[in-house]
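Residue-level structure breakdown
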Amino acid sequence: MATNILKVSNLKVAYGGIQAVKGINLEVNEGELVTLIGANGAGKTTTLKAITGTLPQCKVEGEMHYLGEHTKGLTSFNLVKQKLAMVPEGRGVFTRMSIQENLLMGAYTRDDKAGIAADIDKWFGVFPRLKERAAQMAGTLSGGEQQMLAMARALMSHPKLLLLDEPSMGLSPIMVEKIFEVIRTVSAQGITILLVEQNAKLALEAAHRAYVMDSGLVTMSGNAKDMLDDPKVKAAYLGE
Ligand SMILES: Nc1ncnc2c1ncn2[C@@H]1O[C@H](COP(=O)(O)OP(=O)(O)O)[C@@H](O)[C@H]1O
Ligand SMILES: [Mg+2]
């Protein structure tokens with residue numbers, strides 16, 4: 001049986017009077033690439049923030065289990081220590097640090113120097129653009145390169161679950177293709193990923209399973225490839 005990494009049950013989130021997430025269920029199993037797609041404002045980012053425990057001012061209801069443990073009472077710091085990594089919308093790289101330094105920051109919860117150096121080499125292999133620019137300040141990178149750096153930095157923590165919030169947002173079509181190529185490569189290495197995307201076509205093509213979110217609710221879920229052929233998904237999300 002598949003090992004459950006994340007299980008979200010009846011999650012509800014309200015910002016003051018605005019109910020942004022209205023009771024959703026989702027799960028991610030070990031080794032899966034699961035995508036959560038939906039229009040702008042559907043509640044995708046709010047869901048990821050609830051998972052990482054970074055919505056302190058909001059009313060969050062429901063149950064969450066990460067690695068089989070109830071997350072109630074865990075701080076976002078605890079979750080990072082337990083290898084939950086998130087690349088937020090807008091990336092958040094340290095612009096005034098070099099690429100190499102950003103990657104070292106990603107490994108701050110580790111103390112195995114040799115392993116860290118080996119991992120930097122490994123991810124430079126997957127992200128050759130970063131290797132060529134290792135000593136450059138992160139702020140001088142293009143948007144797509146910063147997205148790659150944010151992903152590589154998150155991977156330096158050896159995540160058991162990697163959350164990606166709209167990695168393709170604001171990038172050129174060629175860069176979007178490259179980012180998805182990298183997501184597939186990372187997934188093929190066995191890393192479990194929950195990918196939030198507005199680019200439904202590429203996300204469904206890359207993912208094993210998918211959830212569709214609309215106005216705070218999960219309206220569909222299932223095998224990602226089946227969804228690519230679903231007339232409702234085609235009409236609403238694929239522009240076909
Ligand atoms: N900090 C906030 N305060 C109030 N409302 C918010 C806040 N963040 C998001 N919302 C609202 O919650 C809803 C879901 O937003 P969000 O989770 O960002 O959607 P998505 O990531 O799918 O675009 C939207 O209606 C948005 O306006
Ligand atoms: Mg969002």
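Given the structure is predicted, the values throughout are model-derived calculations rather than measurements. Starting from 1, residues in each chain are numbered consecutively following that chain's sequence as written. Lettering of chains starts at A and numbering of ligands starts at 1, both following the order in which they are written. With the structure being a predicted model, the display of local features is reserved for residues of pLDDT at least 70 and the display and counting of side-chain atom pairs for 80 or more, all residues being used for whole-chain, interface and lining totals. As a rule here, side-chain values come from all non-hydrogen atoms in the structure, and water together with hydrogens is ignored.

Some words on the nonpolar core
Only buried residues count toward a nonpolar core. Its members are Ala, Val, Leu, Ile, Met, Phe, Trp, Tyr and Cys residues joined through side-chain atoms within 4.5 Å. Here's how the labels work: a residue is buried when its accessible area is under 20% of the maximum for its type, exposed when over 50%, partly exposed in between, all with a 1.4 Å probe on protein chains only. One finds Trp-123, Phe-127, Leu-130, Leu-162, Ile-183, Ile-193 and Leu-204 to be the most contacted residues of the largest nonpolar core, which totals 53 residues. The next biggest cluster of nonpolar side chains, apart from the first, holds 27 residues, and it includes Ile-5, Ala-50, Leu-55 and Met-64.

Quick look at the site of ligand 1
Consider each residue's heavy atoms; a residue with any of them within 4 Å of a molecule or strand counts as near. Tyr-15, Ala-20, Ala-39, Asn-40, Gly-41, Ala-42, Gly-43, Lys-44, Thr-45 and Thr-46 make up every residue found near ligand 1. Contact distances for ligand 1 include 2.8 Å between an oxygen atom and a side-chain N or O atom of Thr-45. Here a polar contact is recorded for every N or O atom pair within 3.5 Å, except that within protein the pair must consist of a potential hydrogen donor and a potential acceptor, and residues adjacent in sequence are included only if both atoms are side-chain atoms. Between ligand 1 and Thr-46 there is a distance of 2.5 Å, counted from an oxygen atom to a side-chain nitrogen or oxygen. A 1.4 Å probe and the Shrake-Rupley method give the accessible areas. Residues count as covered only by the protein chains that appear here. Contact with the protein chains removes 61% of the 560 Å² of surface that ligand 1 exposes when unbound. Secondary structure counts use DSSP, requiring at least four H or I residues in a row for a helix and at least two E residues in a row for a strand, with both numbered from the N terminus. Looking at which element gives the most residues to the shell around ligand 1, the answer is helix H1 (residues 44-52), with 3 residues.

Things to note about the coordination of the magnesium ion (ligand 2)
Geometry reference: four tetrahedral donors at a metal, ideal angle 109.5 degrees. Six octahedral donors, ideal angles 90 or 180 degrees. Looking at the magnesium ion (ligand 2), the protein donor atoms are Thr-45 (OG1) and Glu-89 (OE), and they sit 2.0 to 2.7 Å from it. With Thr-45 in helix H1 and Glu-89 in the loop between strand E6 (84-87) and helix H3 (99-106), the pair connects residues that are 44 residues apart, well separated along the chain. On the basis of relative accessibility, which here comes to 18%, the residue Thr-45 falls in the buried class. Nitrogen, oxygen and sulfur within 2.8 Å of a metal are treated as its donors, or within 3.2 Å for sodium, potassium and calcium (Na, K, Ca); water is not counted, so a site can appear incomplete.

A short note on the packing of H3 against helix H6 (residues 143-155)
Here H3 crosses H6 at 35°, and the two axes come no closer than 7 Å. Considering the relative orientation of H3 and H6, their crossing is right-handed. Residues Ile-99, Asn-102, Leu-103 and Gly-106 of H3 touch H6, and the partners they reach there are Leu-149, Ala-152 and Arg-153. Gly falls in the polar group here, along with every residue not listed as nonpolar (Ala, Val, Leu, Ile, Met, Phe, Trp, Tyr, Cys, Pro) or charged (Asp, Glu, Lys, Arg). The class makeup of the residues in the contact of H3 with H6 is 4 nonpolar, 2 polar and 1 charged. Every angle, taken between N-to-C directions, lies between 0 and 180 degrees, and every axis is a line fitted to C-alpha atoms, over only the stretch in contact when it is a helix. Crossing handedness follows the turn of the near helix against the far one: under a right angle anticlockwise gives a left-handed crossing, and clockwise gives a right-handed one. Here, two residues are considered to be in contact whenever any of their heavy atoms come within 4.5 Å of each other.

Thoughts on the packing of H3 against helix H4 (residues 113-126)
Between H3 and H4, the least distance of the axes is 11 Å, while the angle of their chain directions is 120°. Relative to H4, H3 is oriented oblique. Relative to H4, H3 is oriented so that their crossing is right-handed. Here H3 contributes Ile-99, Gln-100, Leu-103 and Leu-104 to the contact with H4, which in turn contributes Ile-116, Ile-120 and Phe-124. Angles are sorted into four bins: roughly parallel if under 35 degrees, roughly antiparallel if over 145, roughly perpendicular if 65 to 115, and oblique for all others.

Overview of the packing of aromatic side chains
Each pair of aromatic rings taken from Phe, Tyr and Trp, with Trp reduced to its six-membered ring, is defined by centres within 6.5 Å and is described as stacked if the planes are under 30 degrees apart, edge-to-face if over 60, and tilted in the remaining cases. Applying the stated rule across the entire model yields 1 aromatic pair. Ring centres of Trp-123 and Phe-127 lie 6.4 Å apart, and the angle between their planes is 55°; on these two criteria the pair is classed as tilted. Each member of the pair, Trp-123 as well as Phe-127, carries the same accessibility label: buried.

Things to note about the UniProt feature "domain: ABC transporter" (unreviewed entry) in the chain
The feature "domain: ABC transporter" (unreviewed entry), as annotated in UniProt, sits at residues 6-240 in this numbering. With 39% helix and 27% strand, residues 6-240 has end C-alpha atoms that lie 32 Å from one another. UniProt positions are given in the numbering used here, feature names are shortened, and annotations may be inferred rather than shown by experiment.

Some points on the pairing of strand E7 (residues 161-165)
Side-chain positions along a regular strand alternate between the two faces of the sheet. Of all 5 residues that make up E7, 5 are buried, and the element is covered over most of its length. Taking every second residue as pointing to the same face, both faces of E7 are buried, with Leu-161, Leu-163 and Asp-165 on one and Leu-162 and Leu-164 on the other. Across 4 bridges, the pairing between E6 and E7 is parallel. Each bridged residue has a counterpart across the sheet, and for Leu-84 the counterpart in E7 is Leu-161. Where E7 lies against strand E8 (residues 193-197), 4 bridges are found, and the strand directions are parallel. Counted as the bridge partner of Leu-164 is Leu-195 from E8. Any two strands with at least two DSSP bridges between them are considered paired.

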